[in-house]
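A look at the structure
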Amino acid sequence: MRLHRLTVTAFGPFAGTEQVDFDRLADTGLFLLRGATGAGKSSVLDAVCFALYGEVPGARKGNPLRSDHAAADRLTEVRLELTLGGRRLEVTRSPEQRRPKRRGTGWTVEKASTLLREAVADPGGGPPVWRALSKSHQEAGEEIRQLVGMSRDQFCQVVLLPQGDFARFLRADTRQRAELLGRLFDTRRFELLERWLAEQRQQQEAAVRGGRQQLRDLAARAEEAAGPLAEPATHWLPAEDGPAAGSAELTGAVLGWAAILRVGAAEQLAVARSALAGAEQAHGAAQHRRQHAAGLADRQRRHREAALGAAALAEQAAGLAGEHERLAAAQAAVGVESLLRLRESAATAGHAAAAQEHDRRAALAGDPALRRAPAAELAETEHRLRAELGRLEAARADEQRQQRLAGERAELAREQARAEELAEEAQDWLVDYAGRHKALQEEQAAARAAEARVEQLDLRRAQLADRLAAAGRRDGLRAELAGAESMVLDLRGRAQDARARTLDLQERRLTGMAAELAEQLRTGEACRVCGSAEHPAPARPAGTPVTAADERGAREAQQRAEAEQGAAETALTALRVAEAAAAGSAGGRDAGELAAELAEVERGRAVALRAADGLGQIGQRIDQLTQEQQTRQQRLREAGERTAALAAGLRALTAESEQLAARIAAARGDAPSVAARAAALGARAEAVAAALAAAHGAAAAADRLAEAEREVHAAALAAGFDGARAAQAAVLPPAVRGALRDRLERLRSELAAAESRLADPELIAAAAEPPADQELAQQALGRATERLRRAAAEESAARERCQALARLGARLAELAAGLAPALERYGRISRLAGLVAGAPADNALRMRLESYVLAARLEQVAAAASDRLVKMSGGRYTLVHSDGLVSGNKRSGLSLRVVDAWTGSERDTATLSGGESFFASLALALGLADVVTDEAGGMPLDTLFIDEGFGSLDEHTLEEVMDVLDGLRERDRAVGIVSHVADLRSRIPSQLLVRKQRHGSTLRLAGREDS
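None of these values were measured; they are calculated from a predicted model.

Counting its regular elements, the protein chain contains 26 helices and 16 strands. Here the protein chain, with 1011 residues, has 36% of them falling under the buried criterion. In the protein chain, of all internal contacts separated by at least 6 residues, the share reaching a separation of at least 24 is 74%.

Under the defined criterion, the tally for this structure stands at 21 salt bridges. Here Glu90 and Arg117 are joined by a salt bridge, their closest N and O atoms 2.6 Å apart. Here Glu90, found in strand E5 (residues 87–94), pairs with Arg117, found in strand E8 (residues 113–120); they are 27 residues apart in sequence, far enough to count as distant. Judged by relative accessible area, which is 8%, Glu90 ranks as buried. The exposure class of Arg117 is partly exposed, given its relative accessible area of 23%. Glu110 is the salt-bridge partner of Arg99, the closest N and O atoms lying 2.5 Å from each other. On the criterion of sequence distance, the pair formed by Arg99 in strand E6 (residues 97–100) and Glu110 in strand E7 (residues 107–110) is long-range, its members being 11 residues apart. Residue Arg99 is classed as buried on the basis of its relative accessible area, which comes to 13%. Glu110 gets classed as partly exposed once you look at its relative accessible area, which sits at 25%. By sharing partners, the salt bridges in this structure join Glu77, Arg79, Glu90 and Arg117 into a single network.

Among the nonpolar cores identified, the biggest contains 43 residues, and Leu6, Leu52 and Leu80 are the most heavily contacted of them. Counting residues per element, this core draws most heavily on helix H2 (residues 41–53), at nine residues. Once residues within four sequence positions are removed from consideration, Leu6 is found in contact with Glu18, Gln19, Val20, Phe22, Val44, Ala47, Val48, Val78, Arg79 and Leu80. Core analysis: the next-biggest nonpolar cluster, separate from the first, contains 34 residues, Leu181, Leu894, Ile946 and Val981 among them.

Pairing within the open sheet is antiparallel, and its six strands lie in the order E2-E1-E4-E5-E8-E9. Edge positions in the sheet fall to strand E2 (14–21) and strand E9 (129–134), since each has one partner strand and no second. Taking each pair of neighbouring strands and ignoring which way they run, the sheet shows an average axis angle of 20°. Judged from the seven bridges that link them, strand E4 (residues 77–84) and E5 form a sheet pairing that is antiparallel. Following the sheet pairing, Leu84 is matched in E5 by Arg87. In the packing of H2 onto the sheet, contacts are made with strand E1 (2–11), E2, E4 and E5, and the angle to E1 comes to roughly 100°.

Moving on: the side chain of His283. For His283, the location among the structural elements is in helix H8 (residues 248–318). Judged by relative accessible area, His283 falls into the buried class, the value being 15%. Side chain to side chain, His283 and Thr785 meet in a polar contact 3.0 Å long. When sequence neighbours within four positions are dropped, the list of residues in contact with His283 reads Leu781, Ala784, Thr785 and Leu788.

So, about the sheet that holds strand E12 (residues 905–908). Taken in spatial order, the three strands of this open sheet run E10-E11-E12, and their pairing is antiparallel. The open sheet is flanked by strand E10 (877–882) and E12, the only strands paired with a single partner. Between one strand axis and the next, the sheet turns through 35° on average, direction left out of account. As paired elements, E10 and strand E11 (residues 895–900) share six bridges and run antiparallel to each other. Along E11, the bridge assignment pairs Leu879 with Val898. Docked against the sheet, helix H23 (residues 849–872) engages E10 and E11, running at close to 175° with respect to E10.

Below, the discussion takes up the side chain of Thr502. Relative to the elements of secondary structure, Thr502 occurs in helix H13 (residues 433–511). In terms of polar contacts, Thr502 uses its side chain to reach the backbone carbonyl oxygen of Ala498, at 3.0 Å. Only 3.1 Å separates the side chain of Thr502 from the side chain of Gln558, close enough to count as a polar contact.

Turning next to unusual backbone geometry. Its identity is not glycine, yet Ala10 carries a phi of approximately 50°, on the positive side. Secondary-structure assignment places Ala10 in strand E1.

Take H23 next. Given a rise of 1.5 Å per residue, 24 residues ought to cover 34 Å, and the 34 Å separating the end C-alpha atoms of H23 matches this to within 8%. By the largest-angle criterion, Ser866 marks the main kink of H23, which is about 30°. Two residues or fewer after H23 comes Gly874, characterised by a positive phi angle close to 65°.

Here we take up the pairing of E7. Bridge count between E6 and E7: four bridges; the pairing is antiparallel. The partner of Pro100 across the bridge, within E7, is Trp107. Connecting the antiparallel pair E6 and E7 is a turn made up of six residues, with Gly104 showing a positive phi of about 80°.

This part is about the pairing of E4. The pairing of E1 with E4 spans seven bridges and is antiparallel. Looking at E4, one finds that Arg2 is bridged to Thr83.

Turning our eyes to something else, we now look at the environment of Leu575. Here Leu575 lies in helix H15 (residues 548–586). By relative accessible area, which is 15% here, Leu575 ends up buried. Note: C-alpha distance between Leu575 and Ala484 (91 residues apart in sequence) is 8.5 Å. Leu575 has contacts with Leu477, Glu480, Leu481 and Ala484, leaving out every residue within four places of it along the chain.

A few words on the confidence of the model for the protein chain. A residue-level look at the protein chain finds 81% of positions with pLDDT of 70 or above and a mean pLDDT of 76. Predicted confidence in the protein chain is weakest over helix H5 (residues 163–171), with a mean pLDDT of 60, and strongest over E5, with 92. Across residues 241–248, where pLDDT falls below 50, the model places nine contacts with residues more than four positions away in sequence or in other chains.

Taken together, Glu420, Glu421, Glu424, Asp428 and Asp432 make up a surface patch of like negative charges. Along the chain, Asp432 turns up in the loop between helix H12 (375–431) and H13.

Its location among the elements puts Arg621 in helix H17 (residues 615–668). A C-alpha to C-alpha distance of 7.8 Å links Arg621 and Leu440, two positions 181 residues apart in sequence. Excluding anything up to four places from it in sequence, Arg621 contacts Leu440 and Glu443.

Within the element layout of this structure, Ala582 appears in helix H15. By relative accessible area, which is 2% here, Ala582 ends up buried. If we ignore the near neighbours within four places in the chain, the residues touching Ala582 are Ala470, Arg473 and Arg474.

Conventions used here
Residues numbered from 1 in each chain as written. Predicted model: local features only at pLDDT ≥ 70, side-chain atom pairs only at ≥ 80, totals over all residues. Heavy atoms only, no water. Helix = DSSP H or I, 4+ residues; strand = E, 2+ residues; numbered from the N terminus. Buried < 20%, exposed > 50% of the residue type's maximum accessible area, 1.4 Å probe, protein only. Contact = heavy atoms within 4.5 Å. Salt bridge = Lys/Arg side-chain N within 4 Å of Asp/Glu carboxyl O. Core = buried A, V, L, I, M, F, W, Y, C linked by side-chain atoms within 4.5 Å. Pairing = 2+ DSSP bridges. Axes fitted to C-alpha atoms, helices over the stretch in contact; angles between N-to-C directions. Polar contact = N/O pair within 3.5 Å; in protein donor to acceptor, adjacent residues only side chain to side chain. Expected span 1.5 Å × (residues − 1). Bend = angle between axes of the 7 residues up to and from the residue. pLDDT = per-residue confidence, 0-100. Patch = residues over 30% accessible without salt bridge, like charges linked within 9 Å, V, L, I, M, F, W, Y side chains within 5 Å. Areas by Shrake-Rupley, 256 points an atom, 1.4 Å probe, with all protein chains shown as cover. Lys, Arg positive; Asp, Glu negative; His and termini not counted. Charge placed at Lys NZ, Arg CZ, Asp CG, Glu CD.

The structure is reproduced here in structure tokens:
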């Protein structure tokens, strides 16, 4: 990943638009971000993180993104151009923010936006063009995260290298180290595995505990189902807390006792079934006797009811003789009934039509003669009014057009006034154009001359800076050569001593080899030399024995000493070559002389740079002024043309309005308007049409009534009546007529049925017998039913008891068979969960699974950090990982120790001084960056930032740290240091200056002479 260009607008402390050209800034591989405290150095890193992930680093996550110094109409935006995985990308992000409304007053919320673009080759062979990839927050964020290969936390820890966090990491306890490493290496899956195993252990424990409880619960249920006369469970089952409460003895006792209960229940069921059979036989005989008594009583009752009913019906038939004649007359009048209803309907319609004609003629109150006029005259009047309405339609259209013309004339007049104002404004601006354009050209010429002077001084400054740096390296290397030569002599002596000790131990071990073999002999086991199982006189060691581990340790110490000697000799040779090269580059000149000449050049360059700073802005102002002149001239021409066109349009509209006014006046007459005159005529025509329709309706209704009278009279004579009045009197409603007919038919049918029942032989025979005694038969049946109920209940209870005991016995056997595997599973899962959770009983190191994985990562980080810490500390310190036990209940495996080569001791990292803690934490941060990068798939990180911490270093240690940082920029890597330490300004020529001002901070590339 390499950064190319960053542009921020209204972001953090930056009120305007600021741009950072990382390609130019990182040209030498190492650059410095400096400025006063609170100026916004870290805000540059916040902007990079926000562009990539949409969030700032966690420590500053709550800070507002929008600048408090920015203008209200300037929106906050961050644009970052970078290369990821060989692809040139540009990401632009804006947070959610408030802005003034574009129309009216007040504020509105501008939603957050994201735009991801990629530079692709132009098919026409031109420069690359930008192609949009996504405008979605989620899609763009996922694309960038996959290309970077790291989460936001990993990126902030690996690319931005916050030194304060790693200084705390050095002194942190195991829990705090686990939190940071867990975020960076995403070990949540191991934590989830620990939780899953713990849950499985709890489930298995509950299953075992529940199985024992279920066994006793089923035994209690079986005892309850067997009843009070069964064998008690306490005589067979062991105590709940006894030695056999959880073993096979408990399950065997329960199963044997359940079998005894089932045998007893079967015997009780056989006795209950025998009693039930006798009760059923007695109940059947009693039920038969009750049915016979009930049948006889029913037949005797029906005979009495039939005799009484026949007498009542005969008496009722004698009183209904007149109803037969009334029904016959009503049936004869049925043919005349429909015509009577038609006559009545015609009379009602005639009265309604006459009333409607009277109302419609009354509406013609303005013309008394027309109210009494016949229908023909009314029709002629309606036709004349409709014709006059048709002639007024054209005049109404003219009146509407005249109203629209008034609005159009007013609008054209307003547009003509606006066009004249625009022409006057453009003319006033063009008067002052020439003077402003000449003044800007003079400023541009002066700035170009200053820019040429800056280029000349830049070339001279670079030459002097190179020579001065070479002179400084030459003087420093000469001082180092003496120390390096002394160190080489010392290391040669150490290597010779180590070789002598190795040879001495080898010789002593060969001498005592027999004693070493004798120590391995065991009684009854064969000797590896002679094969004998008897060992009468094993050799005894003479003096302190030398083991293989002692010999191997001495050989490793010899190899380390020889390696240190070789490394020191190689470093000495490199120092001599570097000193010779630096002396040649310095040209034999003194460092003080070169520094004085360089300072003079820097002062001249600063003066010229300030004069040339505004060249680009002056050119933009000239271009803007020229473009504005063209715009104003075009606006002046367009305004003149528009004014002329609008004047012509006004004249045409005025002429058309005068013509329409003449035609409208002739058409409306004495009415206020044509529309009013047309409305009055339309209402008059509608009233005449309504009166005409009502007159036609009344005449037709009178004709229908006369025809209905004639038809009713003829039908009444044909039906045998004297006239329509007699037929009307004989008419009965259909419901009354049907009810009368049904009543007579029902009486006749009931009388025939009563006579048939009295003639039934069975009823005659029953009436001759004595009255039946149903109460005595019912009492006998009740006693038999109660006996049968008791017997059936006892049989059902015995049967249910047998079934319940059979079910419970099967469940007891199934539960006993399944409990043994559950106990075995519980033992396995319990031991495995304790091992993974770091329980002391199962895990000697008390190290959780997640801690074990993090310990392996920490060991890699410590090894990578030590490579750089050895160089920074002059070969003194090395970081090592420790998995030893810690005090208290804390988990082990995440301890860090520092090895001091000067004393050969290993001690806690908290004992390091302030400067030592800084370069130790820097080495740890760089080592972690390497490990996380490898973890993320080896994505090359071509741009790194180191935030603060250099103020605690002395000059020598700072030089060592700078050498390590010089090594970081190998393979075209750019390293940015965020600091306000003054000593770094003279060491790092490429610098980005963050200036804190009253109205917001600014950014610009600066040299070492800027303060």
